[in-house]
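# Understanding the architecture of this molecule
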Amino acid sequence: MRHSHILKLLLTGGLALPMLAGPALANPVILFDLNSGKVLQHQDAFKRWYPASLSKLMTAYVTFRAIAAGEVQLDSPIKVTKHSAGEPPSKMGFKPGSVMRLDNALKMMLVKSANDIAMAIGENIGGSQAGFAVRMNAEAARLGMTGTHFVNPNGLFSPEQYTTARDLALLVMAIRKEFPQYAPWFSIEGLAVGKKAISNYNLLIGRYPGADGMKTGFVCPSGFNMIGSATRNGRTLVAVVLGEKSAISRAETAARLLDQGFATPDPNWLTVAAMPSYGDTMSPNDMHDEICRKKAPHEQSEAAPPVAAKGADVPKSSYQEKLDHVPTLVAVGLGGATGPAPKAMLDQGGQEYADVPLPSWRPDIPAPKGAEPAVVGQATAVQGDQLVKAAN
C-alpha cells in the first residue's frame, strides 16, 4: 500500500486492519503495540475528549520525572492540604495535615483514583495546583501530545482540561518505557488501608489473562474512559477507550480490542508518534446528559454495578463478577515519610510553608457579608465503599 493511500485512510479515519474489523465503535479508541509503537486499530484518535482520571497518569509521569531529577524521593512526605482534602470523591478522606510517603500516595492515586491524594501530590511536587499544571503541560508538549491541555492533577472536570486517544497512547509509552520499575503499581489488585480493602477500578486486573495496567477515568461529560494493557508471550498491547457508557462496557470494549490484537501479528504499519492528525480536533464531546441525566446516582461512579441477581433478565458480564481468587492487597497508609520534603514545598531558606487555617471572624462581632468561611465538604470515601461492596 502506497504512503499516499495510507495518508488518505488516516485523514478519513479509516485506518483499521481488516482482520481487526468488528462491531462498529461509537467512541474514540486506539489499540497499539507497546514495544513497537505500531497502531493496530483506531477510531477518532485525535478527537478532543475530557480525560477525567486518566489525567492521573500524567500526574504520575511528572512525579516519576521529579524523582529521577532528585527533587523528591519515594519516602518523601506528601502532606494533605486543606485544598486537597476538600476535593470531591473518589477520595481517601484523610484530614488536612496528614502526611504519607510519596510511594504510598502514588499507589492510592493509581488504584483508588483518589482525587484528594492526586491534588496533594500535585501541590507538594509543584508547589501549587497551577504550578503542577504548568509542569504537566510542559511534559505533554515535550512528548508531542499536541491535542492535550491540563489544569489540575486529578482530572476533575474543567472545559480547559482535554486530551485525545492518540496523545494518551504517547503518554502510556513514555511511562512504561522510561520507568519500567513502577510498572507493578499499575497492576495492583487492591489496597489494604488498615482493615479496609479497596479494589482496583480497572476490572481487567485479575480477570483478563495477562492484564497489567493501567487506569480508568469517569466524569459525566467524558463518560467512562479506560486504558487497559496486557502482556502475553512477551508482547504487550494497550487499548485506549474513551466515552463508554458504563464501567462494564469500557472493560468489555478494552478486552475485545486486546483479544483482536493478540490474534493478529504485529503489522508493518504506522506508529502512534507518526500518525498524522485527522478529523475534528477542536470540538469537545460532552456526554453529560447521556451519561448522568439518564442514570441513577449509583451508576454515576467509577465503581462497577452490583452483581446481577440470579434469574435476572440482564446477562451478567464476566467483568461484573467477583474475582475467582483472593485478591492480593498492598498495604498503604499514613506515616513512614522519613525522606526529604519536596523542594517545591520549601522556601529559599529551606523552611516549610505553613499550612494554617485562615483567620475567622471574632464570634462576639457579627461577620460582614462575604466573610463567612467557605464550606469545602466532608472528607469521606464514598466511592471506595461502593467499590469494596461491588468487587470484593
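As a reminder, the structure under discussion sits directly above these lines.
Report on the accompanying structure. (Residues numbered from 1 in each chain as written. Predicted model: local features only at pLDDT ≥ 70, side-chain atom pairs only at ≥ 80, totals over all residues. Heavy atoms only, no water.)

It is worth spelling out the overall build of the chain at this point. Each helix and strand in the chain was counted, giving 10 helices and 10 strands. Expressed as a percentage of its 392 residues, the buried residues of the chain come to 53%. For the chain, long-range pairs separated by at least 24 residues make up 72% of all intrachain contacts whose partners lie at least 6 apart in sequence. Accessible surface, the chain as shown: approximately 17,300 Å² in total, 56% of it carbon and sulfur. (Helix = DSSP H or I, 4+ residues; strand = E, 2+ residues; numbered from the N terminus. Buried < 20%, exposed > 50% of the residue type's maximum accessible area, 1.4 Å probe, protein only. Contact = heavy atoms within 4.5 Å. Areas by Shrake-Rupley, 256 points an atom, 1.4 Å probe, with all protein chains shown as cover.)

This part takes up the sheet that holds strand β1 (residues 29–33). Across the sheet, which stays open at both edges, the five strands sit in the order β2-β1-β9-β8-β7 with antiparallel pairing between neighbours. With partners counted over all chains shown, the strands left at the sheet margins are β2 (39–43) and β7 (211–219), one partner each. Across this sheet, the average inter-strand angle for adjacent strands is 5 degrees, counted without regard to direction. Bridge count for strand β8 (residues 223–232) against strand β9 (residues 235–244) is eight bridges, and the pairing is antiparallel. Residue pairing across strands places T231 opposite T236, the latter belonging to β9. (Pairing = 2+ DSSP bridges. Axes fitted to C-alpha atoms, helices over the stretch in contact; angles between N-to-C directions.)

A few words now on the packing of aromatic side chains. Across all of its chains, the model carries nine aromatic pairs by this definition. Between Y61 and F179 the ring centres are 5.9 Å apart and the planes differ by 70 degrees, which places this aromatic pair in the edge-to-face class. Of this pair, Y61 sits in helix α2 (residues 55–68) while F179 sits in the loop between α7 (165–178) and β5 (190–193), and the two are 118 residues apart along the sequence. Using a relative accessible area of 0% as the deciding quantity, one classes Y61 as buried. Within the aromatic cluster, the residues linked to one another by ring pairs are Y61, F64, F179, Y182 and W185. The ring of Y162 carries R48 above its face, with NZ or CZ at 3.7 Å from the centroid. (Phe/Tyr/Trp six-rings, centres within 6.5 Å; stacked < 30°, edge-to-face > 60°. Lys NZ or Arg CZ within 6 Å of the ring centre and 35° of its normal.)

Turning next to the packing of α2 against helix α6 (residues 129–143). Put simply, α2 and α6 touch, their axes get as near as 10 Å, and they point 90 degrees apart. Accordingly, the angle class assigned to the pair α2 and α6 is roughly perpendicular. Along its contact with α2, which presents S55, M58, T59, Y61, V62, T63, R65 and A66, the element α6 presents F132, R135, M136, E139, A140, R142 and L143. For the contact of α2 with α6, a count of residues per class yields eight nonpolar, three polar and four charged. (Parallel < 35°, antiparallel > 145°, perpendicular 65-115°, else oblique. Nonpolar A, V, L, I, M, F, W, Y, C, P; charged D, E, K, R; others polar.)

A large share of β8 lies buried, amounting to eight of its 10 residues. Direction of pairing for β7 relative to β8: antiparallel, over a ladder of eight bridges. For T216, the partnering residue across the bridge sits in β8 and is M226. Joining the antiparallel neighbours β7 and β8 is a turn of three residues. Taken together, β8 and the strand that follows it, β9, pair antiparallel across an intervening segment of two residues, in which N233 is found at a positive phi of about 55 degrees.

For the rest of this paragraph, the subject is the environment of A118. Of note, A118 is situated in helix α5 (residues 115–126). Sequence separation of A118 and L106 is 12 residues, and the distance between their C-alpha atoms is 7.7 Å. Look past the residues within four positions of A118 in its chain and what remains in contact with it is K56, T59, M109, P153 and N154.

Spatially, three strands are ordered β6-β5-β10 in an open sheet, and the strand pairing comes out mixed. Edge positions in the open sheet fall to β6 (196–199) and β10 (329–331), since each of these has one partner strand only. The average angle at which neighbouring strand axes cross in this sheet is 30 degrees, direction not considered. As judged from the four bridges shared by β5 and β6, these two strands associate in the antiparallel manner. Each residue of the ladder has a partner; that of V193, found in β6, is K196. Against the sheet, helix α4 (residues 102–112) makes contact with β5, β6 and β10, and its axis sits at roughly 125 degrees relative to β5, the strand it touches most.

This brings us to the environment of N104. Topologically, N104 is positioned in helix α4. With 227 residues separating them along the chain, N104 and A331 place their C-alpha atoms 8.5 Å apart. Ignoring any residue separated from it by four or fewer positions in sequence, one finds N104 in contact with A331, V332 and G333.

The topology assignment puts H42 in strand β2. Exposure remark for H42: the relative accessible area of 4% places this residue in the buried category. Only 2.4 Å separates the side chain of H42 from the side chain of Y278, close enough to count as a polar contact. (Polar contact = N/O pair within 3.5 Å; in protein donor to acceptor, adjacent residues only side chain to side chain.)

Let's shift gears to unusual backbone geometry. In this chain, P89 is followed by S90 through a cis amide linkage whose omega measures 5 degrees. When you line up the elements, S90 lands in the loop between α3 (82–85) and β4 (99–101). A cis geometry characterises the amide bond from G213 onward to M214, with omega recorded as 0 degrees. Tracing the backbone shows M214 in strand β7. One non-glycine residue, S113, adopts positive backbone phi at about 60 degrees. Position of S113 relative to the elements: it lies in the loop between α4 and α5.

Purely geometric stuff here, so don't read any function into it on its own.
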